[in-house]
Amino acid sequence: AKINNKMVPLDTPLSTGDYVEIITSNAAKGPSRDWLRVVKTTQAKTKINSYFKKELKEENIQRGKEMLEKEARNRGYVLGNLMQPKWLDIIMQRYAILSIDDLYASVGYGGFTVNQILSRLIDFYRKEERAKETKNKEYVIKDEASGGIVVNGHPDLLVRISKCCNPVPGDDIVGFISRGKGVAIHRKDCPNLKNVEDYRLIEAHWTGENLRAFIVAVQVEGKNSVGFLSKITAMCNELNISITSLNARLDKNDNAIVNFSVRVNSIDQYDTLRRKLSQVPGIDKVFRSTN
């Protein structure tokens with residue numbers, strides 16, 4: 001470049017009133033990456049980056065891959081172990097990247113930093129490794145209420161039955177690793193598990209050994225009528241099922257709502273009770289409750 005007819009380097013500062021002449025050449029291949037350290041405006045930087053993105057894509061792909069591999073090694077990882085499709089899909093959706101090559105190229109020309117991509121991949125990798133560690137052992141938790149539960153994980157974790165869905169022997173169950181509270185055992189269909197992170201779920205099942213009678217809470221609803229309550233108690237008597245507690249009330253539409261608990265020996269025995277009650281005239285709904 002020339003400033004006031006004198007040859008100067010491109011990074012020479014300008015003063016108000018200077019006359020500037022830019023000398024061009026048909027033999028030039030394009031801008032230099034060093035220019036990014038010289039230019040001041042966002043528009044100039046965007047134009048230079050756009051050139052490298054379009055004209056030097058193959059070079060950028062190779063450059064970006066090498067940058068990621070080098071930084072991964074520096075942090076003690078192998079890039080191939082981090083580049084899992086399920087994790088890359090999340091990153092590419094977040095940053096609107098269409099392919100792996102575009103991801104490498106974006107890093108190569110500076111559209112994204114190595115840290116932006118690599119840190120997310122390492123986070124995913126660490127979470128999966130922690131989840132694997134919790135599944136490398138089996139141990140049995142036994143108590144009077146639930147009999148036996150086998151949980152894949154560490155034996156020093158506290159295990160408890162969740163009150164929100166009140167699982168009982170025979171239910172399909174899963175463990176939820178709660179922060180600071182050990183493992184909570186839920187029914188697999190528990191609504192509270194719909195939006196939890198997969199890595200916090202851990203396999204669990206009943207042992208099938210030393211299982212004893214347990215309590216199930218039931219709710220029955222129907223149109224209020226004479227003998228409504230006796231129909232419920234009569235069915236329990238017929239199936240030789242004892243009622244441990246019972247509470248009945250009417251709602252504003254004069255519907256009868258009966259909450260009661262029964263002692264059963266298996267989930268099949270409860271299912272039989274539920275099916276039989278559902279067939280009784282006047283009873284509209286029968287379902288497990290959490291109380």
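Conventions used here
- Residues numbered from 1 in each chain as written.
- Predicted model: local features only at pLDDT ≥ 70, side-chain atom pairs only at ≥ 80, totals over all residues.
- Heavy atoms only, no water.
- Buried < 20%, exposed > 50% of the residue type's maximum accessible area, 1.4 Å probe, protein only.
- Helix = DSSP H or I, 4+ residues; strand = E, 2+ residues; numbered from the N terminus.
- Pairing = 2+ DSSP bridges.
- Axes fitted to C-alpha atoms, helices over the stretch in contact; angles between N-to-C directions.
- Polar contact = N/O pair within 3.5 Å; in protein donor to acceptor, adjacent residues only side chain to side chain.
- Contact = heavy atoms within 4.5 Å.
- Salt bridge = Lys/Arg side-chain N within 4 Å of Asp/Glu carboxyl O.

**Quick notes on the pairing of strand S12 (residues 255–264)**
- Burial within S12 is extensive, with eight of its 10 residues counted as buried.
- Bridging between strand S11 (residues 242–250) and S12 involves eight bridges; their strand directions are antiparallel. Across the sheet, arginine 249 pairs through a bridge with isoleucine 257, a residue of S12.
- Joining the antiparallel neighbours S11 and S12 is a turn of four residues, in which aspartate 254 adopts a positive phi near 65 degrees.

**Digging into the sheet that holds strand S13 (residues 283–288)**
- Read across the sheet, four strands follow the order S11-S12-S10-S13 without closing on themselves; strand pairing throughout is antiparallel. Looking at which strands have only one partner, the edges of the open sheet turn out to be S11 and S13. Taken pair by pair, the neighbouring strands of this sheet meet at an average axis angle of 20 degrees, ignoring direction.
- Where strand S10 (residues 214–223) meets S13, five bridges bridge the pair, whose relative direction is antiparallel.

**Observations concerning the side chain of asparagine 259**
- Relative to the helices and strands, asparagine 259 is located in strand S12.
- A distance of 2.9 Å separates a polar atom in the side chain of asparagine 259 from a polar atom in the side chain of arginine 249.
- If we ignore the near neighbours within four places in the chain, the residues touching asparagine 259 are Val218, Gln219, Ser245, Leu246, Asn247, Arg249 and Ser289.

**Some remarks on helix H5 (residues 100–108)**
- Listing the buried residues of H5 in full gives Leu103, Tyr104, Ala105, Ser106, Val107 and Gly108.
- Downstream of H5 by a residue or two, glycine 110 has a phi angle that is positive, lying close to 95 degrees.

**Some points on the pairing of strand S7 (residues 173–178)**
- Of all the six residues making up S7, five are buried; the element is thus mostly covered by neighbouring parts of the structure.
- Relative to strand S8 (residues 182–187), S7 is paired through six bridges, and the arrangement is antiparallel. What sits directly across from glycine 175, in S8, is isoleucine 185.
- In the sheet, S7 pairs with strand S9 (residues 201–206) via three bridges, with the strands oriented antiparallel. Note on S9: the bridge partner recorded for phenylalanine 176 is leucine 201.

**Some points on the sheet that holds strand S2 (residues 6–7)**
- Ordered in space as S2-S1-S3, the three strands form an open sheet in which the pairing is antiparallel. The sheet is open, and its two borders are formed by S2 and strand S3 (20–21), each paired with just one other strand.
- Judged from the two bridges that link them, strand S1 (residues 2–3) and S3 form a sheet pairing that is antiparallel. Its bridge partner being in S3, lysine 2 is matched across the sheet by glutamate 21.

**What to know about unusual backbone geometry**
- With a phi close to 55 degrees, asparagine 4 is a non-glycine residue in the positive phi region.
- Summarising the element assignment, asparagine 4 is placed in the loop between S1 and S2.
- On the basis of relative accessibility, which here comes to 41%, the residue asparagine 4 falls in the partly exposed class.
- A positive phi angle, near 65 degrees, is found at aspartate 254, a position not held by glycine.
- On the secondary structure map, aspartate 254 appears in the loop between S11 and S12.

**So, the pattern of salt bridges**
- Tallied over the full model, the rule gives six salt bridges.
- Two residues, arginine 288 and aspartate 171, come together in a salt bridge whose shortest N-O distance is 2.9 Å. With arginine 288 in strand S13 and aspartate 171 in the loop between strand S6 (159–161) and S7, the pair connects residues that are 117 residues apart, well separated along the chain.
- Here arginine 187 and aspartate 189 are joined by a salt bridge, their closest N and O atoms 3.3 Å apart.
- According to the relative accessible area criterion, aspartate 189 is exposed, its value standing at 55%.

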